[in-house]
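So you can see what is in the structure, the chains are spelled out below.
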Amino acid sequence: MGSAEQDEYAAFKEKVRRTVFMDSLSPIVTESVVRTALDQYGTVKSVEFIPNYLEPRNMARCALVEMEKEKQAEVVISTISELPFMMSGMPRPVRACAAVPEMFADRPRKPGRQLHVHWLDPSDPNFEVANKLKQLVKKHATENAVMLKHQLEKEEKLAKQQGETLKANYKKYEMIDSLMADGTVRRLAGRYTLRISDDSGPSTFH
């Protein structure tokens, strides 16, 4: 039994080394968005969003992304740490670092480790400290809820603007491509005595 536990924990540690912890994610980011963003660095095996229990809506702001190989995870961390990495309209860059075992809710029990849990009695010296922490958490949860509401409104507006800009630019490129295909550009160039470079790349005027 001890050997089986050790083997299970060893396999878990290998998974941890392949995993990237991503923070400052937009609440509107989905698994497909994360996969698309990181596929350029290697194969993404899994994406697990970490719930934020301090906010009423329990919206994830960070995620554990397991890559196929440890080296791929290192490249992701290095790249995001050195260069601004934007994702899904987020107005600030995403952050990334190496994952640690404590970040995994389903982590196996470490061989030989024992946990002891008990309720605090009101007469316990630590009871008042725990009670103050509880009230502080409630206060922070309320503040976070207000901030999250405003942030979501801004990010949804930004995402909509970016989508509209992308569609507008695509329509412009479609129009240019259509004008090139039907000969309109060449006729206009002849009318205004402009020369169009004739090569395999994009046509340019001189």
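Residues numbered from 1 in each chain as written. Predicted model: local features only at pLDDT ≥ 70, side-chain atom pairs only at ≥ 80, totals over all residues. Heavy atoms only, no water.

1. Things to note about the UniProt feature "coiled-coil region" (unreviewed entry) in the protein
Here comes step 1: Mapped onto this structure's residue numbering, the UniProt feature "coiled-coil region" (unreviewed entry) falls at residues 138–169.
Here comes step 2: Within the segment residues 138–169, helix and strand shares are 100% and 0% respectively, and the terminal C-alpha atoms sit 46 Å apart. (UniProt positions renumbered as here; feature names shortened; annotations may be inferred. Helix = DSSP H or I, 4+ residues; strand = E, 2+ residues; numbered from the N terminus.)

2. So, helix 5 (residues 184–191)
Residue pairs three or four apart in sequence face the same way in an α-helix, which turns once every 3.6 residues.
Here comes step 1: Regarding helix 5, the residues found buried are Thr184, Val185 and Ala189. In a view along the axis of helix 5, the buried residues occupy a sector of 135°, so they form one face of it. Opposite its buried face, helix 5 presents the exposed residues Arg187, Gly190 and Arg191, each directed more than 90 degrees away.
Here comes step 2: Looking at the packing, one finds that the buried side of helix 5 touches helix 4 (125–181).
Here comes step 3: Just downstream of helix 5 lies threonine 193, where phi reads positive at about 50°. (Buried < 20%, exposed > 50% of the residue type's maximum accessible area, 1.4 Å probe, protein only. Arc of directions from axis to C-beta. Contact = heavy atoms within 4.5 Å.)

3. Thoughts on the packing of aromatic side chains
Here comes step 1: Throughout the structure, instances matching the rule amount to three aromatic pairs.
Here comes step 2: Ring centres 5.7 Å apart and planes at 50° place the aromatic pair tyrosine 9 and phenylalanine 12 in the tilted group. A residue pair is termed a helical-turn pair when its members lie 3 or 4 positions apart in one helix, as tyrosine 9 and phenylalanine 12 do in helix 1 (residues 2–17) at three residues.
Here comes step 3: Through a chain of ring-to-ring contacts, the aromatic side chains of Tyr9, Phe12 and Phe104 assemble into a single cluster.
Here comes step 4: Arginine 191 extends its terminal NZ or CZ atom over the ring of tyrosine 192, reaching a point 5.5 Å from the ring centre. (Phe/Tyr/Trp six-rings, centres within 6.5 Å; stacked < 30°, edge-to-face > 60°. Lys NZ or Arg CZ within 6 Å of the ring centre and 35° of its normal.)

4. Some words on a positive patch on the surface
Here comes step 1: A cluster of basic residues, Lys13, Arg107, Lys110 and Arg113, forms a positive patch on the protein surface.
Here comes step 2: Taking the relative accessible area as the measure of exposure, lysine 110 reaches 45% and is therefore partly exposed. (Patch = residues over 30% accessible without salt bridge, like charges linked within 9 Å, V, L, I, M, F, W, Y side chains within 5 Å. Areas by Shrake-Rupley, 256 points an atom, 1.4 Å probe, with all protein chains shown as cover. Salt bridge = Lys/Arg side-chain N within 4 Å of Asp/Glu carboxyl O. Lys, Arg positive; Asp, Glu negative; His and termini not counted. Charge placed at Lys NZ, Arg CZ, Asp CG, Glu CD.)

5. Focus: the pattern of salt bridges
Here comes step 1: Evaluation of the coordinates by the stated rule reveals seven salt bridges.
Here comes step 2: The salt bridge partner of arginine 18 is glutamate 66, with a shortest N-O separation of 2.7 Å. Of this pair, arginine 18 sits in the loop between helix 1 and strand 1 (19–23) while glutamate 66 sits in strand 3 (residues 62–67), and the two are 48 residues apart along the sequence.
Here comes step 3: For arginine 18, a relative accessible area of 18% gives the class buried.
Here comes step 4: Residue glutamate 66 is classed as buried on the basis of its relative accessible area of 7%.
Here comes step 5: When the shortest N-O distance is used, the salt bridge between lysine 71 and glutamate 74 registers 3.9 Å.

6. Considerations on unusual backbone geometry
Here comes step 1: The phi dihedral of serine 24 falls on the positive side, at around 65°, and the residue is not glycine.
Here comes step 2: Structurally, the position occupied by serine 24 is in the loop between strand 1 and helix 2 (31–38).
Here comes step 3: Since its relative accessible area comes to 9%, serine 24 is described here as buried.
Here comes step 4: In this structure, threonine 193 takes a positive phi of about 50° despite not being glycine.
Here comes step 5: One can find threonine 193 in the segment after helix 5.

7. Brief notes about the sheet that holds strand 1
Here comes step 1: If you walk across this open sheet you meet the four strands as 2-3-1-4, and the pairing is antiparallel. Either end of the sheet is taken by a strand with one partner, and the two such strands are strand 2 (44–50) and strand 4 (95–98). Neighbouring strand axes in the sheet, compared pairwise and without regard to direction, differ in orientation by 25° on average.
Here comes step 2: Pairing analysis gives six bridges linking strand 2 to strand 3, with the strands arranged antiparallel. When the bridges of strand 3 are listed, serine 46 appears paired with glutamate 66.
Here comes step 3: In the packing of helix 3 (residues 70–82) onto the sheet, the strands contacted are strand 1, strand 3 and strand 4, and the crossing angle to strand 4 comes to about 140°. (Pairing = 2+ DSSP bridges. Axes fitted to C-alpha atoms, helices over the stretch in contact; angles between N-to-C directions.)

8. Things to note about a nonpolar patch on the surface
Here comes step 1: A cluster of nonpolar side chains, namely Tyr173, Met175, Ile176 and Met180, defines an oily patch on the protein surface of about 430 Å² accessible area.
Here comes step 2: Here isoleucine 176 is to be found in helix 4.

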